[in-house]
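Here is how the chains run, residue by residue.
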Amino acid sequence: MIKIVIDNKPVEAQQGETILKAAQQAGIPIPHLCYHPAFPPEGSCRICLVEIERLPKLELACSTVVREGMKISTQTPRVREARRGVLEFLLADHPLDCPICDKAGECDLQDYYQEYGAFKSAFKEAKERREKKIKIGNNLILDRERCVLCTRCVRFLTETTKTQELGVFRRGIRSEISTYDAEFVNNNYSGNLVDLCPVGAITDAQFRFKTRTWFLAPVESICPLCSQGCNIYVDYHPGFPRVPGTAKIYRIRPRLNPDVNDHWICDYGRGGYLLLLNDRWDKLVWRKGDRETVVSWEKALQILAEKIRTFHLKKDTSKIALVLSSWLTNEELFLIKKIFKDDLRLERMFFADPRPGTGDGFLLQAERAPNARGAKEIGFALNPVRLEDLSQNTNLLIVFSPFLAELYSPTALKAVFETIGTKVLVTPRANGLDSLVDFVLPASGMPEKSGSLTNKNGKIQPFSAVCPSCGDSRPEWSILVDLARELKMNDDYYRSLTEPGAILKGLAKEIAFFRKEPLWIS
Amino acid sequence: MSGVEDKVLTQNFGLENLYKVDVYLQQGGYQALKKALKEMTPGQVMEEVKKAGLRGRGGAGFPAGMKWSFVPHKVDQPKLLCVNADEGEPGTFKDRYILSHNPHLLIEGIVIAAFAVGIHTAYIYIRGEYEAVAQRLEAAIAEAYQKSFLGKNILERGFELDLFVHRGAGAYICGEETALLESLEGKRGHPRLKPPFPASVGLFQCPTVINNVETLANVPFIIGKGARWFLDHGLPRDGGTRIFGVSGPVVRPGIYELPVGTSLREIIFSHAGGLKPGKKLKAVIPGGMSAPILRADEIDIKMDCESLAAAGSMLGSAAIIVIDEETPILDVLLKVAKFYSHESCGQCTPCRIGTSWIYKIIKRLMAGDGERGDVDELVRLASNIKGKTLCPMGDAAAMPVISLTQKFRTELESSLKNQ
Amino acid sequence: MSPDISAGLNKKIAELAARYPKKEAALLPVLHLVQRERGLITAEEEKLVAGLLGLKPIRVREVVTFYTMFYQLPMGKYHIQVCTNLTCTLMGGEKLIDYLQKKLGTKIGATTADRRFTLSEVECLGACEQAPCMMVNFDYYGNLDKEKIDAILKDLD
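About the cut-offs
- Residues numbered from 1 in each chain as written.
- Chains lettered and ligands numbered in written order.
- Predicted model: local features only at pLDDT ≥ 70, side-chain atom pairs only at ≥ 80, totals over all residues.
- Domains from an automatic or database assignment.
- Axes fitted to C-alpha atoms, helices over the stretch in contact; angles between N-to-C directions.
- Helix = DSSP H or I, 4+ residues; strand = E, 2+ residues; numbered from the N terminus.
- Parallel < 35°, antiparallel > 145°, perpendicular 65-115°, else oblique.
- Left-handed = near helix turned anticlockwise from the far one by under 90°.
- Contact = placed C-beta atoms within 7 Å.
- Nonpolar A, V, L, I, M, F, W, Y, C, P; charged D, E, K, R; others polar.
- Pairing = 2+ DSSP bridges.

Caption draft 1: Structural context of the domain arrangement of chain C. By the assigned domains, chain C splits into domain 1 (7–66) and domain 2 (78–155). Averaged C-alpha coordinates put domain 1 of chain C and domain 2 of chain C at centres separated by 29 Å.

Quick look at the structure:
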């Protein structure tokens, strides 16, 4: 560690670190456009210039390495003047698009302009006109008037994805970002370009013109679409109070985690997350023959508990089968283990998970479920469900998975279900199976609940609910806690499980693997 | 004063076929190389060049021997030499003369330099427009290989050097040393951040020396006749001669090889014959377009790096552009602004946008639409470019604008609509 | 246009590439050669050169569009490039541009209808002692006036 001074404040920096990094660690922000922590310094935007004692010229914070005793000033009039100068140049060559630009509200150029003196433009000449709506990818639009030529996009595609779809053509004021004719950006990480772009030059075609960023509240979460467990922000619009139906998840963005996904997420997850609340089943339904009765949670769980108790008392729990999923959280799988495996001594527990896909060699894993590792560590064998397993003398089937319909045809499922006495579906999506079962207990979708997931490398990651559970639905952990109480199991214990954090604590007490750093985020 | 004996580099330029190796040898060519390889160590060669005070003749004026010494001694990677024959600075044409009249002088200088630093591969980056010159150079190189002045086991001393010609393709910025490296690597001519400096991380990430043509052409003389001799031809800290290029409305435009420190007035009025009949001197750009301008009353100045720097200008490429009274300064400003905005590589914000903004203002002034404050605005914009860019081209673009507006403000403001 | 380049050119390209530790460094010299044979660099030439040097075509186009001496559009048989930088302007270069535009019946940046001449402005050619100058293809001409220009154009076949 070496000692430097930034703005008269003593700072400890690492050997070989740049001024910008050291300053950021010390909580001193330095404006930057071309710099991005994922790439080596570029030094072309020139907005990060700082003053270093005894050096005649202003120097770049993004690329100058700290030295013992260095005294750096980031807010002198000279530095502010230099930053204003760079901004003035950029704005002279930038369209006045803020009112129609998606980036407004999260735009570096806007923010720095506010900070460095919202000045009146001195530019009296004709502004450069460039193309504004260029398709560069399936979901990407390039606006060359807004581009500040930071080249983050080009560098990302050269250094990270190594697919090189973008380049810089021509030179000087005519420089432009471009694809090679119609060879568009076509890789599983194209969405990161929108996040990378410091201004609104590269925008998401689906997000375009849909909302304003200041209506969105980001929630920290984990992408559940595969076992990598990429960290994300979910941008949720809580809705306009007087306009029903306007609450919505608009997009997800990567959340930095050097141990899991660095600065990136893949397009599969980015797009897939937005579909998680499609086709939601949110009614609690009890089907008796042809009649459907709406019933309360209390009643439904009473009935279910009664059925379970009957088999348990007759020591006939082999007639009960469970179909689980690796999309269940650690907390939910732990409760299932405690209730069904430990207490009820159930043995017939199977898994219905999405079919594996193809990994892409970077973040996207072949395993399209977020918590298989968690299930394994909690003690499940993860046997994939086969229809013949279910038709074996089953009187009560509880399905905690929305994926059965993906694995087997409705006809095949119907045939098997008809041999089963009572069928209960606990799921956020019915996928057509509602007509085949006796109970549909609506569970929350992933964005509607909290909990923790264990990624393929054993990292336990908490995630928060983004939006309230819709309709009658409740998180599976909450359903299970109430079921346990209904079954009159250790009431003191289950009554204390009022939120997932408490369940995770209990899990950590019982299984050493989960005894890791404190994880819960409020 | 100056006479035939002052000519060092150009002493034989009048000779027909000097570019042929046999003629060059007849004039005593490659003797210095023989001396270096047979009688000296690389360290001694480098010391001699350092002592001679040989400054770079491309524009920056950096001491060549010192530059060579920045290359680390023991490295795993091969060391490389790049010869900067891009000659893009407007007003400059001296290297063209060396390359076409006496390419073997350059080759000899290259081999000696390579020997001093421990380099075994060298590239001459020559501007794309110099096609005929490049062909002559390639022919000379082939001759040198034949005579064992290049290739394996040069002069049977076990020293090995390969030399290649690499053509540029029309970009002034590729005269900047790191942009030259990028271009040599097959890329756009985007200058690199320094540090690291080319002496540690250069061409293909290897330690690299980059020297101008004229700089290297002096090396055989320094080795052949000694550092003392070289210094005697110039100034105590800035030895040798410079090939001054004089252009503009003078009687005898052309190259004039004279001792470092010769007076500018002498060069223009004695050697180049003064202004053409009927023309009066208005201003002089002393060192290529990037050098701040001097008024007619400022030409009693010694043409060496330190004197010109002290006067707020620079020796640069020693390209003297003479401007007469009939030329409006606004016209000069227009050419300056147009050039830098055309040649900006576009990488960094101040140069990419600033040079274009300045050009637009000046075009407006040319069209008669200048307003009060426009001249101040030019200075302000140029000051926002100067010292803030990734490479020295920003300064090169800014300094002429600043000096032209400083020294000819009255004339420029008279072209505005409402002063 | 044949999709392949001549065997001679192929050989020359391989020789050039061998001069560098990475063959992609030969890009500029190779583009010069290819342009000499094909007249211009279109997507076809870009892909060809990219393949030979182990590059993606986009990297080739980045270079083609950066440097002024590579042409993406067909040029006339003679590319007349008149310098309009400082010294040549001081010595009357702009008047020569006007003269050439009138004489050839074309404008700066355009090609004559018979495709014989393309007229361009260029920056400093490095021959300022002979200002005003122009370059016709790769040949330098200096100390120009209207008569000299007439003579030069007459001599071109």
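Caption draft 2: How the structure looks around the packing of helix α2 (residues 31–39) of chain B against helix α9 (residues 213–225) of chain B. All names here are of chain B. Put simply, α2 and α9 touch, their axes get as near as 8 Å, and they point 60 degrees apart. Comparing the axis directions of α2 and α9 gives the class oblique. Crossing angle aside, the handedness with which α2 passes α9 is left-handed. Here Gln31, Ala32, Leu33, Lys35 and Ala36 of α2 lie close against α9, whose contacting residues are Pro220, Ile223 and Gly224. In the contact of α2 with α9, the residues fall into five nonpolar, two polar and one charged.

Caption draft 3: Main features of the packing of helix α1 (residues 7–17) of chain C against helix α2 (residues 27–38) of chain C. All names here are of chain C. It is the contact of α1 with α2, at a shortest axis distance of 10 Å, that shows an interaxial angle of 170 degrees. As summarised for this structure, α1 and α2 are arranged roughly antiparallel, according to the angle between their axes. Residues Leu9, Lys12, Ile13 and Leu16 of α1 form the contact with α2, whose participating residues are Pro29, Val30, Leu33, Val34 and Glu37. When the residues that make up the contact of α1 with α2 are grouped by side-chain class, the tally is seven nonpolar, no polar and two charged.

Caption draft 4: Up close: the sheet that holds strand β18 (residues 396–399) of chain A. Residues and elements named next belong to chain A. Ordered by their spatial adjacency, seven strands build an open sheet running β15-β14-β20-β19-β18-β16-β17, and the pairing between neighbours is mixed. Where the open sheet ends on each side, the last strands, each with one partner, are β15 (291–294) and β17 (349–351). Across the sheet, the mean angle separating the axes of adjacent strands is 15 degrees when strand polarity is ignored. Both strand β16 (residues 320–324) and β17 contribute to a ladder of three bridges, which runs parallel. When the bridges of β17 are listed, Val323 appears paired with Phe350.

Caption draft 5: Representation of the sheet that holds strand β11 (residues 217–222) of chain A in the model. All names here are of chain A. Spatially, three strands are ordered β11-β12-β13 in an open sheet, and the strand pairing comes out antiparallel. At either end of the open sheet lies a strand with only one pairing partner, and these are β11 and β13 (248–254). Between one strand axis and the next, the sheet turns by 30 degrees as a mean value, whatever way the strands run. Bridge count for strand β12 (residues 231–237) against β13 is six bridges, and the pairing is antiparallel. Looking at β13, one finds that Val234 is bridged to Ile252.

Caption draft 6: Just the interface of chain A and chain B, in detail. With 23 residues of chain A at the contact, the number on the chain B side is 24 residues. Top contributing element to the side of chain A that touches chain B by residue count: helix α2 (residues 77–92) of chain A, with six residues. Residue composition of the side of chain A that touches chain B, by class: twelve nonpolar, six polar and five charged.

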